[in-house]
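Coordinates in review
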Amino acid sequence: MQLEPPTAPRIVLVPPAVNRHALGAAPAGFEFVVMPASIDDALPARVTNAEVLVVDWLHRDTVTSLIPRLGELRLVQSINAGVDWLVPLTTHTVLAGARGVHDVSVAEWVSAAVLTMTRDLPRYWDLQREQRLEHHQQQELAGAQVLIVGYGSIGAAVEARLTVFGTRFTRIALRDGFHNLDDLSELVGAADVVVNLLPSTPSTRGCFDDSVFARFRDGALFVNAGRGDAVHTAALLDHLTRGRIRAALDVTDPEPLPATHPLWTAPNVLITPHVAGDTDALLQRAYRFVAEQLDRYAAGRPLHNVVAGEY
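Notes on the structure in this doc start here. Nothing here was measured: the structure is a model prediction, and the numbers come from that model.

With respect to unusual backbone geometry
With omega at 10°, the peptide bond leading from Asp253 into Pro254 counts as cis. Mapped onto the fold, Pro254 is located in the loop between β10 (246–249) and β11 (269–271). Phi is positive for Gln131, which is not a glycine, with a value near 55°. Structurally, Gln131 can be placed in the loop between α5 (121–129) and β6 (145–149). Using a relative accessible area of 76% as the deciding quantity, one classes Gln131 as exposed.

Some thoughts on the side chain of Arg296
Looking at the secondary structure, you find Arg296 in helix α10 (residues 280–299). When its relative accessible area of 14% is taken as the criterion, Arg296 is described as buried.

Brief notes about the nonpolar core
If you look at soluble globular proteins, the nonpolar side chains tend to sit buried side by side. Ranked by internal contacts, the top residues of the largest apolar core, which has 30 residues, are Phe208, Phe216 and Phe222. Secondary structure elements with two or more residues in this core: β6, α7 (184–188), α8 (210–213), α9 (233–241) and β10. Tallying contributions element by element places α9 first for this core, with four residues. Setting aside its immediate chain neighbours within four residues, Phe216 contacts Val188, Val194, Phe208, Phe222, Arg244 and Ile245. Ala107, Trp109, Leu141 and Leu221 belong to the second-largest nonpolar core, a separate cluster that totals 26 residues.

Comments concerning the pairing of strand β8 (residues 193–196)
Neither face of β8 is exposed, since Val193 and Val195 on one face and Val194 and Asn196 on the opposite face are all buried. Inspection of the sheet shows β8 paired to strand β9 (residues 221–224) by four bridges, in the parallel sense. By the bridge assignment for β9, Val195 is matched with Val223.

A short note on the pairing of β10
By the alternation rule, side chains of β10 split into Arg246 and Ala248 and Ala247 and Leu249, which are all buried. Of the strand pairs in this sheet, β9 and β10 are connected by four bridges, and their pairing is parallel. Residue Leu221 lies in a different strand from β10, and its bridge partner there is Arg246. Between β9 and its parallel partner β10, the chain crosses via α9, and the hand of that crossover is right-handed. In this structure, β10 lies alongside β11, joined through three bridges in parallel fashion. Each residue of the ladder has a partner; that of Ala247, found in β11, is Val269.

Considerations on the environment of Arg244
Mapped onto the elements, Arg244 comes out in the loop between α9 and β10. Sequence separation of Arg244 and Gly219 is 25 residues, and the distance between their C-alpha atoms is 5.6 Å. Contacts of Arg244, omitting those with residues within four sequence positions, involve Phe213, Ala214, Phe216, Arg217, Asp218, Gly219, Ala220 and His239. Within the local environment of Arg244, its side chain forms a polar contact with the side chain of Asp218, the two groups lying 3.0 Å apart.

Let's talk about the packing of aromatic side chains
Evaluated as defined, the whole model comprises eight aromatic pairs. Between Phe208 and Phe213, the ring centres sit 6.1 Å apart and the planes meet at 35°, which makes this aromatic pair tilted. Both residues of the pair, Phe208 and Phe213, count as buried. Judged by centre distance (4.9 Å) and plane angle (50°), the rings of Phe208 and Phe222 are tilted. Residue Phe208 is located in the loop between β8 and α8, and its partner Phe222 is located in strand β9; the two are separated by 14 residues in the primary sequence. Taking the relative accessible area as the measure of exposure, Phe208 reaches 0% and is therefore buried. The buried category is assigned to Phe222, whose relative accessible area is 0%. Counting every residue linked through ring pairs, the aromatic cluster contains Phe208, Phe213, Phe216 and Phe222. If you follow Arg60 out to its NZ or CZ, it ends over the ring of Trp57, 3.9 Å from the centre. Between Arg171 and the ring centre of Tyr151, over which it is positioned, the NZ or CZ distance is 5.7 Å.

A short note on the sheet that holds strand β5 (residues 94–96)
One open sheet holds the five strands; their spatial order is β2-β1-β3-β4-β5, and the pairing between them is parallel. Only two strands of the sheet have a single neighbouring strand rather than two, namely β2 (30–34) and β5. Taking the axes of each pair of neighbouring strands and ignoring which way they run, one obtains an average angle of 20° across the sheet. Across three bridges, strand β4 (residues 75–78) lies against β5 in parallel orientation. In the strand pairing of β5, Leu75 is matched with Val94. Together, β1 (10–14), β2, β3 (52–55), β4 and β5 form the strand contacts of α10, whose direction differs from that of β4 by roughly 160°.

Scoring rules and cut-offs
- Residues numbered from 1 in each chain as written.
- Predicted model: local features only at pLDDT ≥ 70, side-chain atom pairs only at ≥ 80, totals over all residues.
- Heavy atoms only, no water.
- Helix = DSSP H or I, 4+ residues; strand = E, 2+ residues; numbered from the N terminus.
- Buried < 20%, exposed > 50% of the residue type's maximum accessible area, 1.4 Å probe, protein only.
- Core = buried A, V, L, I, M, F, W, Y, C linked by side-chain atoms within 4.5 Å.
- Contact = heavy atoms within 4.5 Å.
- Pairing = 2+ DSSP bridges.
- Right-handed = clockwise from strand over helix to strand, strands pointing away.
- Polar contact = N/O pair within 3.5 Å; in protein donor to acceptor, adjacent residues only side chain to side chain.
- Phe/Tyr/Trp six-rings, centres within 6.5 Å; stacked < 30°, edge-to-face > 60°.
- Lys NZ or Arg CZ within 6 Å of the ring centre and 35° of its normal.
- Axes fitted to C-alpha atoms, helices over the stretch in contact; angles between N-to-C directions.

Structure (structure tokens):
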């Protein structure tokens, strides 16, 4: 998609604590302005006149309140791969994601989670804290069947990393050329590991329900690095509690997970707080990508990763 060159003033709002060195210099005619950490009634004109907004997941509450007040806004550029929360906020402006930026970091987390749970390392961590030595038979990843649900650039990066362990793959994608979500119930039954990388859309929410978990093999591993709302949490909890399956979750529903939620104490589950993509190198890649997008925007060239149509 191509935008006409913008007119002055050219204000780019960036998140608080942005790494300005990594972002580089603003294109000619642009000025970087740090968005307020919270929104009050009196915003300066240099904020409300912004025509480009760079957003991240950490400041989503501020962004949600800010966008309706930006009358000159023309482009919202996310540094995150998932932009589902931004879609309803950007019906009158261009929205672009950061596809490709998170491939390495998320794929590393998925690979680490799969290996950790396959070799039952959480059990040995618990035993270590109790100063106990116990021997338990473990599984191997070699020869395992891995189903990647939501196969895209991150899924391809996961596959590249797990292939070296001798795994086999089946893929479900939201585009032609692969199995689709209608095949989910059938395909999970043949998988030793199911990796969810789906975005949050009307067609993906709740797709991992009780009927799907019931088709999992006993002892299968469910890894969620996509969106928490793809999962019926009560159904997952039931199958975990009964010892049928295991799980590694970087996202949950609800999120953040309340302190009293039973998932915290469920057996056979590893939980991390939506950090799969959060690495120091990730931020460097993200800001380099944003800098390139701004150069394209300033020159009126087509932008990468524009979200168009149904997300």
